[in-house]
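# Remarks on the overall topology
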Amino acid sequence: MEKFGYRFSFGPWNIHEGADPFGPAVRPSRSFDNKLDAYKRLGFDAVQFHDDDAVPDLDNKNHAQIVGESRALRTRLEEMGLRAEFVAPRLWEHPLTIDGAYTSNDPQARAYARERSHKMIDIADALGTDLIVLWLAREGTYLRESKDAARAVDLLVEAMDDMLAYHPGIRLAVEPKPNEPMDIAYLPTAGHAIAIGFKTRAPERCGLLVESAHAILAGLDPADEMGFGLAYDKLWSVHLNDQNGLKYDQDRAFGSINLRRAFDQVLILDDHRFYERGVVGLDVKALRTQKAEVAEKHLSNSLQTFLWLVERARSLDRKAMQSCIEARDYEELDRLILAHLMGR
Ligand code: 3MF
Ligand code: MG
């Protein structure tokens, strides 16, 4: 498969049982090992990890166990020709994080979050990746008056500073999202994610991961969110997927809802040589209707769509495009893009 210099990743959570808030699993669980086998088969190069994807039952393990298990996993990944792209702390399931982790009003919860983050960094270090992704799931409010939004930013900076000090080599990429699970999240956009990095002790080690669906949920264009990150040289990873309107986070296959919007993301990534900067992550879910034997197609289809769109981006008639832009004939530019996308 011609991959145009790109490397691809997904997380083990992207192969899942199809449970939703209204109904149970519809596909059998697959073991982590069984999921790992899918990576190469589907054309992927790297694995995204939550800390406890790498080391299950993390809260009940000591430092030696955590490092030992992570090192063993790294060896297995290497044997399979895979690597870890990033590790993210899962700070949204423990009873102590019900009302937030780093921004909880409860100092005990904040202490738990700090400790858990240290363990997560130990895992990243042992897996051989310097990239940490912070999807700040519960850092926000259901009830606006329950937390002070300015203090929350200070608490987030404090938490990021603590991680940056804990390991001098790690980089933190904030993954913004405007809502879900919280009603209102503190870092909803790329702008917020980048800005907070500049308040930390090591701005050069703070960056951004843009997820298409999260940008759409914020009412923004994912390609422009990516462009903003690229301009700051802060776009360290992406979670490509798609989203049908302002609903729950859908994680649809990349390009499956709005092909042109997907093309625009590929165009900006490719024009700015993202293949030299980072790994293309896909954060996609199989439809609940999908039968178990064919519940990997959302991954291979998303990867294929990305590559098809790279081909479309590179074969775009840039001269014709430029003439349209110079003439300010954007209707003609519109036709040119649509015709090219439709292979006309
Ligand atoms: C939530 C997400 C998550 C994060 C992942 C990494 C399931 O909306 O997108 O994916 O990307 O947890 O932190
Ligand atoms: Mg994501």
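See above for the structure.
Bear in mind the structure is a predicted one, so any value in this text is a computation, not a measurement.

### Observations regarding the pairing of strand 8 (residues 206–211)
Judged by how many residues are buried, strand 8 sits mostly within the fold: six of six residues are covered. Of the two faces of strand 8, both are covered, the one formed by Cys206, Leu208 and Val210 as well as the one formed by Gly207, Leu209 and Glu211. By the bridge criterion, three bridges tie strand 6 (residues 171–175) to strand 8 in an arrangement that is parallel. Following the sheet pairing, Ala173 is matched in strand 8 by Gly207. Where strand 8 and strand 9 (residues 235–240) come together, four bridges link them in parallel fashion. Within strand 9, the residue paired with Glu211 across the bridge is His239.

### Here's the deal with the coordination of the magnesium ion (ligand 2)
Within the protein, the magnesium ion (ligand 2) binds to Glu175 (OE), Glu211 (OE), His239 (ND1) and Asp283 (OD); these donor distances fall in the range 2.0 to 2.3 Å. Geometry at the magnesium ion (ligand 2) is octahedral, judged from the six donor atoms that bind it and their angles of 79 to 176° at the metal. Each donor residue of the magnesium ion (ligand 2) belongs to the same chain, with the gaps between them written as E-x35-E-x27-H-x43-D. Taken together, the residues Glu211 in strand 8 and Asp283 in the loop between strand 10 (280–282) and helix 10 (297–314) connect sequence positions 72 residues apart. With a relative accessible area of 8%, Asp283 lands in the buried category.

### Considering the environment of Glu311
Summarising the element assignment, Glu311 is placed in helix 10. Given the relative accessible area of 34%, Glu311 is considered partly exposed. Spatially, the C-alpha atoms of Glu311 and Asp270 are 10.0 Å apart, while their sequence positions differ by 41 residues.

### Some remarks on the site of ligand 1
Around ligand 1, the structure places Trp13, His50, Ala88, Trp92, Trp135, Glu175, Lys177, Glu211, His214, His239, Asp249 and Asp283. Lys177 has a polar side-chain atom sitting 2.9 Å from an oxygen atom of ligand 1. A distance of 2.8 Å separates an oxygen atom of ligand 1 from a polar side-chain atom of Asp283. When ligand 1 is considered free in solution it has 350 Å² of accessible area, and contact with the protein chains removes 93% of it.

### Let's talk about the pattern of salt bridges
For the structure shown, the criterion picks out 26 salt bridges. Its salt-bridge partner being Glu69, residue Lys61 comes within 3.1 Å of it at the nearest N-O pair. Classification of Glu69 by relative accessible area gives partly exposed; the value is 30%. For the salt bridge of Asp130 with Arg171, the shortest nitrogen-to-oxygen distance reads 3.1 Å. Taken together, the positions of Asp130 in the loop between helix 4 (107–127) and strand 4 (131–135) and Arg171 in strand 6 put the pair 41 residues apart, joining distant regions of the chain. Residue classification places Arg171 among the partly exposed positions, given a relative accessible area of 25%. Through salt bridges with shared partners, a single network forms among Asp51, Asp52, Asp53, Asp59, Arg90, Glu93 and Arg116.

### Side note on the packing of aromatic side chains
Two numbers describe a pair of aromatic rings. These are the distance of the centres and the angle of the planes. A complete count under the given rule lists 12 aromatic pairs for this structure. Pairing Phe198 with Tyr232 gives two aromatic rings, centres 6.3 Å apart and planes at 55°, and the pair type is tilted. Residue Phe198 is located in the loop between helix 6 (190–197) and strand 8, and its partner Tyr232 is located in the loop between helix 8 (222–231) and strand 9; the two are separated by 34 residues in the primary sequence. Given the relative accessible area of 43%, Tyr232 is considered partly exposed. The rings of Tyr6, Phe8, Phe10, Tyr39, Phe44, Phe254, Tyr275 and Phe306 are connected pair by pair, giving a single aromatic cluster.

Rules of the game
- Residues numbered from 1 in each chain as written.
- Chains lettered and ligands numbered in written order.
- Predicted model: local features only at pLDDT ≥ 70, side-chain atom pairs only at ≥ 80, totals over all residues.
- Heavy atoms only, no water.
- Buried < 20%, exposed > 50% of the residue type's maximum accessible area, 1.4 Å probe, protein only.
- Helix = DSSP H or I, 4+ residues; strand = E, 2+ residues; numbered from the N terminus.
- Pairing = 2+ DSSP bridges.
- Donors = N, O, S within 2.8 Å, 3.2 Å for Na, K, Ca; no water.
- Tetrahedral: all angles 85-135°; square planar, octahedral: opposite > 155°, others 65-115°.
- Near = heavy atom within 4 Å.
- Polar contact = N/O pair within 3.5 Å; in protein donor to acceptor, adjacent residues only side chain to side chain.
- Areas by Shrake-Rupley, 256 points an atom, 1.4 Å probe, with all protein chains shown as cover.
- Salt bridge = Lys/Arg side-chain N within 4 Å of Asp/Glu carboxyl O.
- Phe/Tyr/Trp six-rings, centres within 6.5 Å; stacked < 30°, edge-to-face > 60°.

Honestly, that's just the spatial picture; any functional story needs more than this.
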